Number of protein chains: 2
Amino acid sequence: MLNIDHKEKIAFLDCTLRDGGYYTNWDFDDGLLDDYLEKAGKLPIDFIEIGYRSKTITDYRGAFYYSPKFLLEYCKGKTDKKFAIILNEKEIQLQDLDELLNPCKGLISLVRLAVAPSNLSRVVELAENIKARGFLVSVNLMYASKWQDNLYLEKSLKRLNTILDYFYVVDSYGGMHPSEVAEVFRKLKGILDTSLGFHGHNNIEMALINSLTALNSGATIVDGTITGMGRGAGNLKTELFLTILHQKYGVKVNFDILNELSDLFLEVKKEYGWGTNLPYMVSGAYSLPQNEVRGQVKKRFYSLNAVISEVGEIGIVEKNQSIPFLNKKKDINEFLLIGGGKTPQKFFGVIREFLRKNPEIGIIHSSSKNIEVFADLANFQIHCIGGMEMNRLQHKLTLDQLKSRIFVVSRKKNSAFNFPEVYKNHIRRISEGNFQDRYELSATAMAVDIANFYKANMIMLIGYDGYDYGATKEELELFKENQCIFDAVETEGMQIFSVTSTKYEITTRSIFSLI
Amino acid sequence: MLNIDHKEKIAFLDCTLRDGGYYTNWDFDDGLLDDYLEKAGKLPIDFIEIGYRSKTITDYRGAFYYSPKFLLEYCKGKTDKKFAIILNEKEIQLQDLDELLNPCKGLISLVRLAVAPSNLSRVVELAENIKARGFLVSVNLMYASKWQDNLYLEKSLKRLNTILDYFYVVDSYGGMHPSEVAEVFRKLKGILDTSLGFHGHNNIEMALINSLTALNSGATIVDGTITGMGRGAGNLKTELFLTILHQKYGVKVNFDILNELSDLFLEVKKEYGWGTNLPYMVSGAYSLPQNEVRGQVKKRFYSLNAVISEVGEIGIVEKNQSIPFLNKKKDINEFLLIGGGKTPQKFFGVIREFLRKNPEIGIIHSSSKNIEVFADLANFQIHCIGGMEMNRLQHKLTLDQLKSRIFVVSRKKNSAFNFPEVYKNHIRRISEGNFQDRYELSATAMAVDIANFYKANMIMLIGYDGYDYGATKEELELFKENQCIFDAVETEGMQIFSVTSTKYEITTRSIFSLI
């Protein structure tokens, strides 16, 4: 049985608006905000974290990324709860604190600093300054699953000991086991006298047991969010924690209000769908950034085996380091870059005619979708193999067509499965390529690097049609990324245009005018 | 760190088809089945549980409730994995085993018996008989969170010791904490030499840590389902368990196949939406049947506070035992029972005219939705207050209108919140009522009991319109339940008919013919 030491009161902080903001870009409807504040105000929540306080950035972010004074005042008018805000340590300097914290006076009780272990020594001055302004101050130290790599933490911690009101252990990857949490707190108790906290993520569904373990191991405050709303797999669920707090420790909870509140956010969840899944579980188990893993798997159809092979052996993955580099017999001035859209099939006749008339134009395939349309042409053809494309592609070409092809795979990331034996002699990687460096795993970036490798001065696009209304989040992200790549190509002086109509913002010519 | 004793090999059983069947009524598309068997066949799964083997019941259930021989043969043709089936002990006798198990010979390796603690002594004969037929045999003992109430278990367990291949601890309510799991296994190790297993549910998100704790405490087999598909909050997620098994213990897992498999079931989840939520968390924490809690809260808009107050004090609930019983001045022969549908508003004029002309007809409101339509009429009006209806209703009546009203609440279940002071003198419960006994918490059942109490011989319905295409699961369940109540009322000899068109199967007359 759990055996929380009741000599110290346990505190609970709800950070739904801050961590949930990762899904809503820190915008919440006024109605939802009012309901949240009203209902949270009636629950055993000690602090409500309103959001980040941030310096101005150029991208749009909503109210709870900046938590401006009028918002703090508005919230203050709705509930008597104590408020917290959080600062992202790596984005601020000591001289920013006036601007960031003066508007918080009298409105905010607790100021938290989200800090990476490598920056912990830098945080002492900030914490002292914040404390001197009359706020409670907390350091939330991230990436707890990797702290064992940071042997220098102890010295910095000791310097913080007399300054902080709370020191939080943040399981950023959400992959810690309770025994590991207990061990971290055992160590911290030997170093710090300050109150300890735990902020758990739920990638491997350990947020609750880890939070309870933290409390059993000396923590006196934990964080949660309604329905676990938060980046990727999300956080400890406030409603789950309060249920256990009520059942095991008799803390009074109005479950009807808690249920209404969680129902409100379950509605929002229908739109955004936070919560764990296999890619997030893998991020948790291996302490990998979850957006990177999700992006590779959901957006690029990249191999989860390949992701895991980066950190541990799996034995069913091609090690790309052993793949020979691409070499060339001669330069190619012009390339037709073929994407996965529908236009190549629609303009079937004219494109084939254009390529037949211009046999010196090279073809780069960034997708396996339109391979058949050009399978029999004599033009030089080269394929960018992102993710598990090889599996799709291998049934689309005859052995004869295969002969003259080259398949370019990622220079860095390992590839899924063993390649079919018959393809092995045709697989290459490029020794350098600055687009691949910037847009890891993007097949379009790989294509541009190939064109550069052949010293091309022109890329014609077809099948880069853009996405329709109703596109998935992953599709829109790819769309934006491709747009950035095209913009950069133009900036660097290469001619790039689409030969059919497209939703990308790019020069367009007509394939019919080129023939 | 976890420290599984590697002297004994750990086995894993996937019971997606069996436990997932609770959502699909044990039907799965052929395509999904083929994909499941093919992919599960390539993962480190030791047993695949195909489903129940069951005696014929009258309700429809799909293939995986009966697991007929042709299905077992079909599955056997798709994978080399060992198969399990499960029998529901309370539904079978020794003499049923020929019919249930003869078709399994050569197809099924493991036969499991799902058993309630109260029946454990009965299971010895069954287990012996199954063992003698050449199957591996397992007893899966349910409701582990309540075993401490069953001090007689030890004797029965000892009799099973030499018979069983596996003895499973089933956390039916999904609310055990790891320390409790460890304690159960510590006790079992002192009684049984047989291999131990753990079947975890995920109501409070402890399925993984409990399964790992079980393995650390001597279990050698655990169960899971893909994406946790299973009744209510669902099970240990197979993909989560295999991720941890790979990361912590180096078990080989093909993550791309695992990801494809979990993606297939995530598609199915979009339709059925298993997984935990606050009502299921409460079921877990308090060892309450989750369907009952969900039904009360989601279907009846009943109070979660009231649910919890049944098992523990919460202090914000009206104790219904203290509410006076309904009494009457005289009998009322005819009632108009007004449901929550749209017809009362649509037929506004004619219904009011009908009631004005017949002031002796009583009005029973089973919903608060249409109260305003009749607020000013002089007819006797009585309200059935299910769940938290009082909260909705209290702003709909003037103090003057309130005077002659009666509000009837559940005889058994406590009510949410304190009633508004001004209502207190008008609240009653009925001392007897067989419909309420059969359909606990149904406002319609309560209404019929009220009509009976007043010795009515006729109930006219309005606002029981039935549900449209697109009705929620909860609405359809209420629809079916109301239909059963109407059928029973008719059978018992009371006149009952709808005065407007309705989708219920019930006698219909026209309100225009009655005026």
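This write-up is about the structure you can find in this document. (Residues numbered from 1 in each chain as written. Chains lettered and ligands numbered in written order. Predicted model: local features only at pLDDT ≥ 70, side-chain atom pairs only at ≥ 80, totals over all residues. Heavy atoms only, no water.)

Helix and strand counts for chain A come out as 23 helices and 17 strands. Its C-alpha atoms put chain A at 85 × 45 × 45 Å along the principal axes. For chain A, contacts bridging at least 24 residues in sequence account for 73% of all contacts bridging at least 6. Taking the 62 positively charged and 64 negatively charged side chains of chain A as two groups, their mean positions are separated by 3 Å. (Helix = DSSP H or I, 4+ residues; strand = E, 2+ residues; numbered from the N terminus. Contact = heavy atoms within 4.5 Å. Lys, Arg positive; Asp, Glu negative; His and termini not counted. Charge placed at Lys NZ, Arg CZ, Asp CG, Glu CD.)

Moving on: the sheet that holds strand β3 (residues 82–88) of chain A. All names here are of chain A. If you trace the eight strands once around the closed barrel, you get β1-β2-β3-β4-β5-β6-β7-β8, paired in parallel fashion. Direction aside, neighbouring strands of the sheet carry axes that sit 25° apart on average. Pairing of β3 with strand β4 (residues 110–115), which is carried by five bridges, proceeds in the parallel orientation. Note on β4: the bridge partner recorded for Ile85 is Val111. Lying on the sheet, helix α6 (residues 123–132) is in contact with β3, β4 and β5 (136–141); it crosses β4 at an angle near 170°. (Pairing = 2+ DSSP bridges. Axes fitted to C-alpha atoms, helices over the stretch in contact; angles between N-to-C directions.)

What follows deals with the packing of helix α12 (residues 278–286) of chain A against helix α10 (residues 238–249) of chain B. The interhelical angle for the contact between α12 of chain A and α10 of chain B, taken along N-to-C directions, is 30°, at an axis separation of 10 Å. Accordingly, the angle class assigned to the pair α12 of chain A and α10 of chain B is roughly parallel. At the point where α12 of chain A passes α10 of chain B, the crossing takes the right-handed sense. Within the contact between the two elements, α12 of chain A uses Leu278, Met281, Val282, Ala285 and Tyr286 of chain A and α10 of chain B uses Glu239, Leu240, Thr243, Ile244, His246 and Gln247 of chain B. (Parallel < 35°, antiparallel > 145°, perpendicular 65-115°, else oblique. Left-handed = near helix turned anticlockwise from the far one by under 90°.)

Another aspect to go through is helix α7 (residues 153–160) of chain A. All names here are of chain A. Along α7, the residues classified as buried are Leu153, Ser156, Leu157 and Leu160. Relative to the axis of α7, the buried residues are bounded by an arc of 105° and lie together on one face. Structurally, α7 contributes buried residues whose contacts are with α6, β5, β6 (166–171) and α8 (178–189). (Buried < 20%, exposed > 50% of the residue type's maximum accessible area, 1.4 Å probe, protein only. Arc of directions from axis to C-beta.)

What follows concerns the pattern of salt bridges. Taken as a whole and assessed by the stated rule, the structure comprises 49 salt bridges over all chains. The residue Lys270 of chain B makes a salt bridge to Glu267 of chain B at a minimum N-O spacing of 2.9 Å. One end of the pair, Lys270 of chain B, and the other, Glu267 of chain B, are both in helix α11 (residues 255–272), three residues apart, so they sit about a helical turn from each other. Residue Lys270 of chain B is classed as exposed on the basis of its relative accessible area, which comes to 66%. Owing to a relative accessible area of 49%, Glu267 of chain B belongs among the partly exposed residues under this scheme. For Asp331 of chain B, the salt bridge is made with Lys328 of chain B, and the minimal N-O distance between the two is 3.0 Å. Among the residues examined, Asp331 of chain B registers a relative accessible area of 38% and is labelled partly exposed. Through salt bridges with shared partners, one network takes in Arg18, Asp19, Glu49, Arg112 and Asp223 of chain A. (Salt bridge = Lys/Arg side-chain N within 4 Å of Asp/Glu carboxyl O.)

To continue, consider the sheet that holds strand β17 (residues 495–498) of chain A. Residues and elements named next belong to chain A. Read across the sheet, seven strands follow the order β15-β13-β12-β11-β10-β16-β17 without closing on themselves; strand pairing throughout is parallel. This sheet does not close on itself; its edge strands, each paired only once, are β15 (427–428) and β17. Where strand β10 (residues 334–338) meets strand β11 (residues 362–365), four bridges bridge the pair, whose relative direction is parallel. Across the sheet, Phe335 pairs through a bridge with Gly362, a residue of β11.

Turning to the interface of chain A and chain B, a few remarks are in order. The interface of chain A with chain B comprises 49 residues on the first partner and 49 residues on the second. Where chain A abuts chain B, roughly 4,100 Å² becomes buried across the two surfaces, and 61% of that area is made up of carbon and sulfur atoms. If you sort the residues of chain A by the area they bury against chain B, Glu205, Asp256 and Leu278 of chain A come out on top, with a joint share of 16%. Counting across the chain A and chain B interface gives four salt bridges. A salt bridge links Lys248 of chain B to Glu180 of chain A; its shortest N-O distance comes to 2.9 Å. Linking chain A with chain B are 18 residue pairs in polar contact (both at pLDDT 80 or more). Among the elements that take part in the side of chain A that touches chain B, helix α10 (residues 238–249) of chain A stands out by supplying seven residues, more than any other. For the side of chain A that touches chain B, the residue count by class is 27 nonpolar, 12 polar and 10 charged. (Buried area = accessible area lost by both parts, 1.4 Å probe. Polar contact = N/O pair within 3.5 Å; in protein donor to acceptor, adjacent residues only side chain to side chain. Nonpolar A, V, L, I, M, F, W, Y, C, P; charged D, E, K, R; others polar.)

Attention now moves to helix α9 (residues 207–216) of chain A. For α9 of chain A, the buried fraction is high: nine of the 10 residues fall into the buried class. Turning to α9 of chain A, its buried residues number three or more, namely Ala207, Leu208, Ile209, Asn210, Ser211, Leu212, Thr213, Ala214 and Leu215 of chain A.

Quick look at the environment of Ser67 of chain B now. All names here are of chain B. Among the structural elements, Ser67 can be located in the loop between α3 (63–66) and α4 (69–76). Linking Ser67 and Lys252, residues 185 residues apart in sequence, is a C-alpha distance of 30 Å. Those residues within four positions of Ser67 in sequence are excluded, and the remaining contacts are Ile50, Gly51, Tyr52, Arg53, Leu72 and Ile85.

Moving on, we get to the side chain of Asn259 of chain B. Considering the arrangement of structural elements, one finds Asn259 of chain B in helix α11. The contact partners of Asn259 of chain B, leaving out residues within four places of it in the chain, are Leu278, Pro279, Val297 and Leu304 of chain A.

A word on the packing of aromatic side chains. Residue and element names in this part refer to chain B. Using the criterion set out here, one finds 48 aromatic pairs over all chains in the structure. A centroid spacing of 6.1 Å and a plane angle of 75° characterise the contact between Tyr467 and Phe479, whose relative ring orientation is edge-to-face. Separated by 12 residues along the polypeptide, Tyr467 in the loop between β16 (458–462) and α21 (473–491) and Phe479 in helix α21 bring together distant segments of the chain. Taking NZ or CZ as reference, Lys76 lies 5.0 Å from the ring centre of Phe83, over its face. When the ring centre of Phe497 is taken as origin, the NZ or CZ atom of Arg509, which lies over that ring, is 4.3 Å away. (Phe/Tyr/Trp six-rings, centres within 6.5 Å; stacked < 30°, edge-to-face > 60°. Lys NZ or Arg CZ within 6 Å of the ring centre and 35° of its normal.)

For the rest of this paragraph, the subject is the relation of the copies chain A and chain B. Note: a rotation about an axis with an accompanying shift along it relates these two copies of the chain. Least-squares fitting of chain A to chain B yields an RMSD of 0.3 Å, with the superposition described by an axial translation of 0.1 Å and a rotation of 179°. Given the turn and translation reported, the copies of this chain are related as if by a two-fold rotation axis. Considering only C-alpha atoms, the part of chain A nearest the rotation axis is Glu205 of chain A, at 3.0 Å. (Least-squares fit on C-alpha atoms with pLDDT ≥ 70 in both.)

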